[in-house]
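Topology and contacts: notes
Single-letter residue listing:
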Amino acid sequence: MNTFLRTCKCLPLLTHLRPTNRSLTVTSVLSKYIDEPDYIKYTKPQVPVYELLNIQIKAYDYTVLEHYAKHVHKIALNMDFEVKDAWATPHQSWKITNFEPGSKKVSTEYHLNKYERNIQIANLPAYCATTFFEIIQSSLPMGVFVNIHPHDEQHTEIRYIPDFELLILKKQLDELLNPEENKK
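For the protein chain, an unreviewed UniProt entry supplies the name 39S ribosomal protein L48 like protein and the organism Argiope bruennichi.

Written as structure tokens, this is what we have:
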């Protein structure tokens with residue numbers, strides 16, 4: 001007989017089993033004694049997780065931003081985090097002019113573009129988050145800014161460029177189809 005069965009306290013229960021279906025019945029009888037009760041799973045510590053986090057990366061230099069976003073994405077994948085999505089938002093453009101002192105004459109003029117990339121991570125365990133954030137911060141190049149925040153619907157909407165011509169055409173179509181409602 002198996003050494004486990006000899007040392008098992010439930011051996012008297014197993015003696016009445018028939019040899020033909022012994023293996024099937026032994027495992028079903030032993031499973032009652034080996035399995036943990038249901039309430040045990042609630043005594044284990046629950047690991048808090050961040051459901052959806054956006055890592056927002058901004059920079060004025062496009063190539064540095066792209067390489068760093070790729071680096072952060074690769075780190076997240078290597079640490080076995082679930083990367084839900086990664087996207088680019090339209091860049092912001094500024095025209096900056098410097099005037100000569102005491103006059104309206106333009107001395108210099110600059111055109112700045114600020115680029116943005118987002119990486120969305122789902123179910124990030126809290127005990128791994130600090131290490132992940134420290135790795136991101138320690139490898140941060142100069143001129144690149146990182147914000148980490150929970151996901152909001154506003155972050156989804158900002159990634160799309162509105163089509164103003166299409167909006168105007170929809171408004172004109174609505175005016176043609178419902179003229180009495182638009183006059184009010």
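Text resumes after the structure shown.
Further remarks concern the overall build of the protein chain. A count of helices and strands for the protein chain gives nine helices and four strands. Mapped from its N terminus to its C terminus, the protein chain presents α and β elements in the order α-α-α-α-β-α-β-β-α-β-α-α-α. Looking at the protein chain residue by residue over its 184 residues, the buried ones come to 23%. When contacts within the protein chain are restricted to residue pairs at least 6 apart in sequence, long-range pairs at least 24 apart make up 70% of them. Put simply, the protein chain shows about 14200 Å² of open surface, and 57% of that area lies on carbon and sulfur atoms.

This part covers the pattern of salt bridges. Considering all chains together, one arrives at three salt bridges under this definition. For Glu-109, the salt bridge is made with Lys-95, and the minimal N-O distance between the two is 3.7 Å. Within this pair, whereas Glu-109 is found in strand β3 (residues 106-125), its partner Lys-95 is found in strand β2 (residues 82-99), the two being separated by 14 residues in sequence. By relative accessible area, which is 41% here, Glu-109 ends up partly exposed. Residue class for Lys-95 comes out exposed when judged on its relative accessible area of 53%.

Residues other than glycine seldom take positive phi values, yet Asp-80 does so here, at roughly 60°. By the secondary structure assignment, Asp-80 is in the loop between α5 (62-78) and β2.

This part covers the packing of α5 against helix α6 (residues 126-138). Think of two packed helices as two axes; the pair is described by the angle between the axes and how far apart they sit. Their axes nearest at 11 Å, the elements α5 and α6 cross at an angle of 155°. Relative to α6, α5 is oriented roughly antiparallel. When you trace α5 past α6, the crossing you get is right-handed. Where α5 abuts α6, its residues Tyr-68, Val-72, Ile-75 and Ala-76 lie against Phe-132, Ile-135 and Ile-136.

For the rest of this paragraph, the subject is the sheet that holds strand β1 (residues 49-59). Paired through backbone hydrogen bonds, the strands of a sheet run either parallel or antiparallel to each other. Strand order across the open sheet formed by four strands is β2-β3-β1-β4, with antiparallel pairing between neighbours. Single-partner strands in this sheet number two, and they are β2 and β4 (144-150). Strand-to-strand, the axes of this sheet are offset by a mean angle of 20°, without reference to chain direction. Across ten bridges, β1 lies against β3 in antiparallel orientation. The partner of Leu-53 across the bridge, within β3, is Ile-121. Here α5 sits on the sheet in contact with β1, β2, β3 and β4, set at roughly 10° to β3. Lying on the sheet, α6 is in contact with β1, β3 and β4; it crosses β3 at an angle near 155°.

Rules behind the numbers
Residues numbered from 1 in each chain as written. Predicted model: local features only at pLDDT ≥ 70, side-chain atom pairs only at ≥ 80, totals over all residues. Heavy atoms only, no water. Helix = DSSP H or I, 4+ residues; strand = E, 2+ residues; numbered from the N terminus. Buried < 20%, exposed > 50% of the residue type's maximum accessible area, 1.4 Å probe, protein only. Contact = heavy atoms within 4.5 Å. Areas by Shrake-Rupley, 256 points an atom, 1.4 Å probe, with all protein chains shown as cover. Salt bridge = Lys/Arg side-chain N within 4 Å of Asp/Glu carboxyl O. Axes fitted to C-alpha atoms, helices over the stretch in contact; angles between N-to-C directions. Parallel < 35°, antiparallel > 145°, perpendicular 65-115°, else oblique. Left-handed = near helix turned anticlockwise from the far one by under 90°. Pairing = 2+ DSSP bridges.

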